[in-house]
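# Structure assessment
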Amino acid sequence: SRFDVTAGYGYYDNSATNFNYTSYKGTGEALVTPVFPFAVERQKLLSYYGRFVYTLADKYILSGTMRADASSRFAEENRWGYFPSAGFTWRIVGEDFLKDSKVVSDLKLRLSYGETGNKDGETIGNYNYLSRYYANTNTGQYQVGNTFYNYYSPAGYDPDMRWETTTTYNAGLDYGFLKGRLYGSVDAYYKKTKDLLSTINIPVGTNFTNLLTTNVGNMEVKGIEASLNFVAIQKENVTWDFGFNMAYNKRKITNLTLNPDAGSKVSAGDITGGTGVTLKYNAVNQVPSAFFVYKQVYNANGVPLEGVYADLNSDGVINTSDQYFYKSPDPNFTFGFNTSFTYKKWTLNTVLRANIGNY
């Protein structure tokens, strides 16, 4: 048997300086004078991690890892996140009934479990857990007598913001035949994300903003992925191989509010082509950034009627209550194909990709 152990430590300190400059009119007169010449954004990450791998008879492999990460983006009581993982591999090809096989060159069964954390993203910010105040520009000063004062505005914050966590379960099979000339793998997995870091609408008066980035909602992803590779020609000066892969993946939001609500949805941004047209939403039981639209009405010849939409709730009025979720931005299936032909020092290759089932 064999036992391997790895331990590690990481410390990361990132800072960015944003400079503020005075803007001027064409006549040279100052238009806007910044209150501060620059601002420094800073974040730190402290990490400890360890891994062990135990191998028995070169056939049974047990592995495990543990990470402990602390991010300055969260308050002290929520700063640390702990993320374990474990895996087991059975090299079936090493068993007595296969080790002398002339057909099977590789066969492995893999089982794994793991947790990962997320603290990144533009909306999370470096100080969103702190109570913050921002000074206005000098052009917006408040006058008292003959003196002008800068005033300060509060920003929204969430002192309880914490790590977003994703748990993954995976089962896989690696195979090889004909002395490794035909090989590939099959994987099935299930992922569940909790404490999703998302920006949501909140009731007026509960914070200093109507949109707050906080831990809210859950999401699940499940799928199957497979690959098949074949070395058609393998000679001294010539090789020709083919590769094919496919995947079926399904994402679904299972919760999106602090209080579970099957009808809740949050805007996920605009689409190109319509200023201010918000068609993408995150909603329960939908894929992320799902399309929320009106239902087009067509004439007898199948031509869309301009500006005419279906009254889905039959109340005689066309309004936002008649919108519905239509199609998916995520493909149901993805495919890939590659081939490579090599003659001595020359290589010709190509890659093809396809998505099916998405808009």
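All chains use their own residue numbering, which begins from 1 and follows the written sequence. Local features are withheld for residues below a pLDDT of 70 in this predicted model, meaning they are given only at 70 or higher, and side-chain atom pairs are given and counted only at 80 or more; totals for whole chains, interfaces and linings count all residues. In computing side-chain values, all of the structure's heavy atoms are included and hydrogens and water are not.

Once that is clear, we can look at the sheet that holds strand E5 (residues 60–71). Pairing is antiparallel in the open sheet, where 11 strands are placed in the order E1-E4-E5-E6-E7-E12-E13-E16-E17-E24-E25. At either end of the open sheet lies a strand with only one pairing partner, and these are strand E1 (2–19) and strand E25 (346–356). Sheet twist, expressed as the average angle between the axes of neighbouring strands with direction ignored, equals 10°. In this analysis, strands are considered paired if DSSP registers two or more bridges between them. Numbering of helices and strands runs from the N terminus; a helix is a DSSP stretch of H or I covering at least four residues, while a strand is a stretch of E covering at least two. Two elements, strand E7 (residues 104–118) and strand E12 (residues 164–177), share 14 bridges in a ladder whose sense is antiparallel. Bridging from a neighbouring strand, Val-104 pairs with Phe-177 of E12. Note on geometry: axes are C-alpha line fits, over the in-contact stretch for helices, and angles between N-to-C directions span 0 to 180 degrees.

Taken in spatial order, the four strands of this open sheet run E18-E19-E20-E23, and their pairing is antiparallel. The open sheet has two edge strands, strand E18 (265–267) and strand E23 (324–325), and neither has a second partner. By the bridge criterion, two bridges tie strand E19 (residues 280–283) to strand E20 (residues 290–293) in an arrangement that is antiparallel. Among the inter-strand pairings, Tyr-281 is bridged to a residue of E20, identified as Ala-290.

Turning our eyes to something else, we now look at the environment of Gly-8. Among the secondary structure elements, Gly-8 is positioned in strand E1. In this structure, the C-alpha to C-alpha distance between Gly-8 and Thr-139, residues 131 residues apart in sequence, is 52 Å. The residues touching Gly-8, leaving out its near neighbours within four places in the chain, are Ser-47, Tyr-48 and Tyr-49. For this analysis, residues touch if any pair of their heavy atoms sits within 4.5 Å.

A few words on empty space enclosed by the protein. Buried and open spaces are told apart on a 1 Å grid over the protein atoms alone, a cavity being a set of points where a 1.4 Å probe fits but cannot get out and a pocket being an open set with protein on both sides within 12 Å along at least five of seven lines. Residues with an atom within 4 Å of a point are the lining residues. Grid points are joined across faces, edges and corners, and a volume is the space filled by probe spheres set on the points. Summed over all chains, the structure comprises one cavity of 30 Å³ or more. Roughly 40 Å³ of volume is contained in the largest cavity. Lining the largest cavity, in full, are Asn-249, Lys-250, Arg-251, Val-287, Ser-328, Asp-330, Pro-331 and Asn-332. In terms of residue class, the lining of the largest cavity is built from two nonpolar, three polar and three charged. For this classification, the nonpolar set comprises Ala, Val, Leu, Ile, Met, Phe, Trp, Tyr, Cys and Pro, the charged set comprises Asp, Glu, Lys and Arg, and every other residue, Gly included, is treated as polar.

Each regular strand displays side chains that alternate between the two surfaces of the sheet. The classification of residues rests on relative accessible area computed with a 1.4 Å probe and restricted to protein chains. Under 20% of the type maximum is buried, over 50% is exposed, and intermediate values are partly exposed. Summarising burial for strand E15 (residues 211–215): four of the five residues are buried, a large majority. Pairing of strand E14 (residues 197–201) with E15, which is carried by five bridges, proceeds in the antiparallel orientation. Paired with Ile-200 across the bridge in E15 is Leu-212.

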